[in-house]
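One-letter residues, chain by chain:
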Amino acid sequence: MRKVVSGLFVSLDGVAQSPNEWQFAFDEEMGAALGKTLETADTILLGRATFTEWAGYWPTVTDGEDAGFAKWINDSPKYVVSSTLDSVEDWANSTLINGDLAAAIEKLKAGEGKDITVAGSPTLVRSLLEQDLLDELVLLIHPVVAGEGRKKLFADDASLKKLELVSAQPTSSGVIIATYRPTR
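Since the structure is predicted, the reported quantities are computational estimates derived from the model, not experimental observations. (Residues numbered from 1 in each chain as written. Predicted model: local features only at pLDDT ≥ 70, side-chain atom pairs only at ≥ 80, totals over all residues. Heavy atoms only, no water.)

Peer 1: So what's going on with helix α3 (residues 67–75)? Residues and values would help.
Peer 2: Structurally, the α-helix is built with 3.6 residues per turn, so residues lying three or four positions apart point the same way. When we look at burial in α3, the residues that qualify are A70, W72, I73 and N74. The elements touched by buried residues of α3 are α1 (28–40), β2 (41–47), α2 (48–55), β3 (78–81) and β5 (115–119). (Buried < 20%, exposed > 50% of the residue type's maximum accessible area, 1.4 Å probe, protein only. Helix = DSSP H or I, 4+ residues; strand = E, 2+ residues; numbered from the N terminus. Contact = heavy atoms within 4.5 Å.)

Peer 1: Could you give me a rundown of the environment of Q23, with the residues and numbers involved?
Peer 2: Following the sequence through the fold, Q23 ends up in the loop between β1 (4–11) and α1. Owing to a relative accessible area of 23%, Q23 belongs among the partly exposed residues under this scheme. Between the C-alpha atoms of Q23 and H142, which are 119 residues apart in sequence, the distance is 7.0 Å. Not counting chain neighbours up to four residues away, the residues in contact with Q23 comprise F9, M30 and H142. For Q23, the side chain forms a polar contact with the main-chain oxygen of A25, separated by 3.5 Å. (Polar contact = N/O pair within 3.5 Å; in protein donor to acceptor, adjacent residues only side chain to side chain.)

Peer 1: I'd love a proper account of the packing of aromatic side chains, names of residues and values included.
Peer 2: In total, this model carries 6 aromatic pairs according to the counting rule given. Where F9 meets F26, the ring centres are 6.4 Å apart and the plane angle is 75°; that geometry is what we call edge-to-face. Pair noted here: F9 is in strand β1 and F26 is in the loop between β1 and α1, with a separation of 17 residues, a long-range link. Residue F26 is classed as partly exposed on the basis of its relative accessible area of 49%. Judged by centre distance (5.7 Å) and plane angle (35°), the rings of F69 and W72 are tilted. Residue F69 and its partner W72 are located together in helix α3, separated by 3 residues, close to a single helical turn. When its relative accessible area of 27% is taken as the criterion, F69 is described as partly exposed. (Phe/Tyr/Trp six-rings, centres within 6.5 Å; stacked < 30°, edge-to-face > 60°.)

The following block contains the structure:
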C-alpha cells in the first residue's frame, strides 16, 4: 500500500508559513532529501493555498535550475483538497477533492504507484495528521526563529498526537532533517 508523506520546512518556533522569507540556506543534504521525494513519490496532494500559489508559477518554468522539479510536478497527478475551489483545471493533471478526505486518501493509497507526497500545505498536513491519514512527516528544521506573527505548523490548541522519531540528520548549514511516523 502507498504511503502519504509530507516534507516541510519549519523554524525552531514551529513556523511553516512562507519559508522563502526566513529560510537562510539550502544545502546539498536538503537537496538530496527533497530529491528523494522525486524518486519515491508519483502523486501529489496540495491544499488550496499552495495550489493557488503554485498553479500560476510551475507550469511556466521550462528551463533553469528548477526545470527538473517543474517537469516532475507538472507531469504528476495532483489532488487538490479544498472546500472553496470550484475547479482546478487550470493546472494540468489536477483533480479536486472536496468531499470526504479520508475516503479520498484511502482510495489513493490503495491504488497503484509510488508514495503520495504532500507539497507544502501545512493546513492540509495538520488535517491529515489529525485524521490518521499521514504516514510520515519529514521536518527540515531550520535554526532560526521566524516569529513576526507567521502561522505555525501546529496551533497552540492542537490535540495531543504522538509520533516516533525514525531518523534525524544534521546538515552542513545546521538544518536538522527529522523524520517522524505517527504512533497508532
